[in-house]
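Architecture and fold: a report
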Amino acid sequence: MDHLFHSNHRPDAMKEPSQDSAYMARALQLAERGLYTTKPNPRVGCLLVREGEIVGEGWHIRAGEAHAEINALAQAGDRAEGAEAFVTLEPCSHSGRTGPCVEALINAGISRVVAAMKDPNPKVAGKGLEKLRQAGIEVVTGPGASAAQALNAGFCNRMEHGRPLVRVKLAATLDGRTAAADGSSQWITSQPAREDVHRLRARSCAIITGLGTVIADNPRLNPRLDQPVTMPLRVVLDGNGDLTPESSLFTAEGPVLIATLDSVDKKISGFNAETLHAGLPGEEGRVDLGALLDLLAERGCNEVMVEAGADVAGSFLSRNLVDELIVYMAPDVLGSDGRGMFIMPEIRRITDRHSFKIDDVRQFGRDLRIVFQNTSKT
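Presented here is an overview of the structure given in this document. (Residues numbered from 1 in each chain as written. Predicted model: local features only at pLDDT ≥ 70, side-chain atom pairs only at ≥ 80, totals over all residues. Heavy atoms only, no water.)

**Digging into the packing of aromatic side chains**
Here the distance between the centres and the angle between the planes together describe a pair of aromatic rings. Put simply, the test is: Geometry of aromatic contacts follows a simple scheme: Phe, Tyr and Trp rings, the Trp one being its six-membered ring, pair when their centres are within 6.5 Å, and the pair is stacked under 30 degrees between planes, edge-to-face over 60, tilted otherwise. For helices the rule is a DSSP run of H or I covering at least 4 residues; for strands it is a run of E covering at least 2, with both sets numbered from the N terminus onward. Definition used: whenever NZ (Lys) or CZ (Arg) falls within 6 Å of the ring centre and also within 35 degrees of the ring normal, the charge is taken to sit over that ring.
The full count for this structure, using the stated rule, is 2 aromatic pairs. Residues Y23 and F86 carry aromatic rings whose centres are separated by 5.0 Å and whose planes lie at 45° to one another, so their mutual orientation is tilted. Here F86 lies in strand β3 (residues 84–87) and Y23 lies in helix α1 (residues 17–32), a separation of 63 residues in the sequence. Across the ring face of W59, the terminal group of R33 is positioned such that the distance to the ring centre comes to 4.7 Å. Across the ring face of W187, the terminal group of R194 is positioned such that the distance to the ring centre comes to 4.3 Å.

**Some words on the side chain of T275**
Worth spelling out the cut-off: Polar contact criterion, stated in full: a pair of N or O atoms within 3.5 Å, where within protein one must be able to donate a hydrogen and the other to accept it, and residues adjacent in sequence count only if both atoms are side-chain atoms.
By the element assignment, T275 lies in strand β10 (residues 275–280). A polar atom in the side chain of T275 sits 2.9 Å from the side chain of N272.

**Here's the deal with the side chain of N302**
Inclusion rule: Note on definitions: a residue-residue contact is assigned when non-hydrogen atoms from the two residues lie within 4.5 Å.
Turning to its location among the elements, N302 is positioned in the loop between α9 (289–298) and β13 (303–306). Polar contacts involving the side chain of N302 include one to the main-chain carbonyl oxygen of P40, which spans 2.8 Å. If near-sequence neighbours (up to four positions away) are discounted, N302 is found in contact with P40, N41, G154, F155, R158, P164, L165 and C205.

**Observations concerning a nonpolar patch on the surface**
Operational definition: Patches were defined on residues exceeding 30% relative accessible area and lacking a salt bridge, with like-charge contacts within 9 Å and nonpolar side-chain contacts (Val, Leu, Ile, Met, Phe, Trp, Tyr) within 5 Å. The accessible surface values rely on the Shrake-Rupley method and a 1.4 Å probe; as for residues, cover is taken only from the protein chains in view. The salt bridge criterion pairs a side-chain nitrogen of Lys or Arg with a carboxyl oxygen of Asp or Glu, the two atoms within 4 Å. For each residue, the accessible area found with a 1.4 Å probe, counting protein chains only, is set against the maximum for its type, and the residue is called buried under 20%, exposed over 50%, and partly exposed in between.
A contiguous nonpolar surface patch, about 260 Å² in accessible area, is contributed by I358, V361 and L368. Mapped onto the secondary structure, L368 falls in strand β16 (residues 367–374). For L368, a relative accessible area of 33% translates into the label partly exposed.

**Let's talk about the environment of N218**
Assignment of secondary structure puts N218 in the loop between α8 (211–217) and β8 (233–237). As for N218 and I370, which are separated by 152 residues in sequence, their C-alpha atoms are 26 Å apart. Aside from chain neighbours lying at most four places away, what touches N218 is T213, S247 and S248. Among the polar contacts listed, one links the side chain of N218 to the side chain of S248, at a separation of 2.8 Å.

**Observations regarding the sheet that holds strand β9 (residues 256–261)**
Either a parallel or an antiparallel arrangement is found when strands of a sheet pair, and the pairing is made through backbone hydrogen bonds. Condition: Here a strand pair is declared whenever DSSP counts at least two bridges between the two strands. The angle between two axes is taken between their N-to-C directions and runs from 0 to 180 degrees, where each axis is a line fitted to C-alpha atoms and a helix contributes only its stretch in contact.
What the 9 strands build is an open sheet, ordered β10-β9-β8-β7-β13-β6-β14-β16-β15; its pairing is mixed. In the strand order of this sheet, the two ends are held by β10 and β15 (356–364), each with one partner. When the angles between neighbouring strand axes are averaged without regard to direction, this sheet yields 25°. Of the strands in this sheet, β6 (165–173), β7 (206–210), β13, β14 (324–330), β15 and β16 are in contact with helix α7 (residues 191–203), which crosses β14 at around 165°. Here α9 sits on the sheet and contacts β6, β7, β8, β9, β10 and β13; the angle it forms with β8, its principal contact strand, is near 160°.

**Structural notes on helix α4 (residues 127–134)**
Because an α-helix packs 3.6 residues into every turn, residues spaced three or four apart end up facing the same way. Operational definition: Taken from the helix axis, the directions to the C-beta atoms give the arc we talk about.
Regarding α4, the residues found buried are G128, L129 and L132. The buried residues of α4 occupy one face: seen down the axis, they fall within an arc of 100°. Taken together, the buried residues of α4 touch α3 (101–107), β4 (112–115) and β5 (138–141). Where α4 terminates, the next one or two residues include G136, which has phi positive at roughly 85°.

**Remarks on unusual backbone geometry**
The peptide bond linking K39 to P40 adopts the cis configuration, its omega dihedral lying at 5°. Its identity is not glycine, yet A125 carries a phi of approximately 40°, on the positive side. Structurally, A125 is set in the loop between β4 and α4.

**What to know about the pairing of strand β2 (residues 53–59)**
Relative to β2, strand β1 (residues 45–50) runs antiparallel, the two being bridged by 6 bridges. In the sheet register, C46 faces β2, and the bridge partner there is G58. Taking the residues between adjacent antiparallel strands as the criterion, β1 and β2 are bridged by 2 residues, where E51 takes a positive phi near 55°.

**Some remarks on the sheet that holds β2**
Taken together, the 5 strands give an open sheet; going across it, the order is β2-β1-β3-β4-β5, and neighbouring strands pair in mixed fashion. Since the sheet does not close on itself, it has two edges, and those belong to β2 and β5, each with one partner. If you compare each strand with its neighbour and ignore which way they point, the axes differ by 15° on average. Sheet analysis places β4 next to β5, joined by 4 bridges and oriented parallel.

None of this, on its own, says anything about what the molecule does.
And the structure:
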């Protein structure tokens, strides 16, 4: 549609901020529908409203497919002309695998665009909003900004800092034990807590574990949900290249990345076709975790979850690479001989401690899930 509707003819007083927030809340609900499938793209929702009536809804479902704005415009059809668009992230102004959403909104005759936040992607970064203004469309930013930021915290972190958001997940008892003295750990937490872990896996772009965990527990590390999921990359820290194809990791859908030292001549013959290999810097059999996160960022990973033993968890924490700790706490005690949550021998004094703040507490079955944010990275 070539006709452009110029919103500067409409008085701002007609719009109530509370109304904008209510519509944006619905757009955020739409965006959440792509929680497990949009990676590496951000989760985005769009609502089109004309004369107080919702005429179109859309969300980004999967990378390479139509963006939220395009899906909402398709639903609205001719009713999009003169409508207001409520988008959880600034509409894109560049062409990737799909065309720029800004042009589609302009051509549809949208009168006003309310965006929760600017896109931190340098390819966009305000350019989309400026193009809308140049086309005579009223632009508002801010409603729902904190919720939109939280929904795409990993994407924002990668765009702004060049690394994914890192979550370390642990299941522990009241006395901080992740396993009994004999190493047994199945199951510390209840079924509802373990089901929630699958949701965390599903939203992650990559899941990191250590060779020790693979040998001890033989996990698959894949999300198992009754809904569509873009499978995360499962990464095994295997400095010396000792992983074998017999692991259960290779029986589950989705790619596996074996991260070894770059000095290791790793042969991946015998592994399945989805198995990848990365040689990274490091020493004494340990892969440099910062280099690994840089690699994952280059591969488009927004959110990374670490599911590993105390050694790997402690290594991430020692290097201050952890953004969030997610601890599932069972109301049990395993005693002083049980295995701890972190191996961090460098901590000798109270002043050496790493501090977190509690961000969220919820109950799953008999267990608590406590989310901690790293105060040194905020």
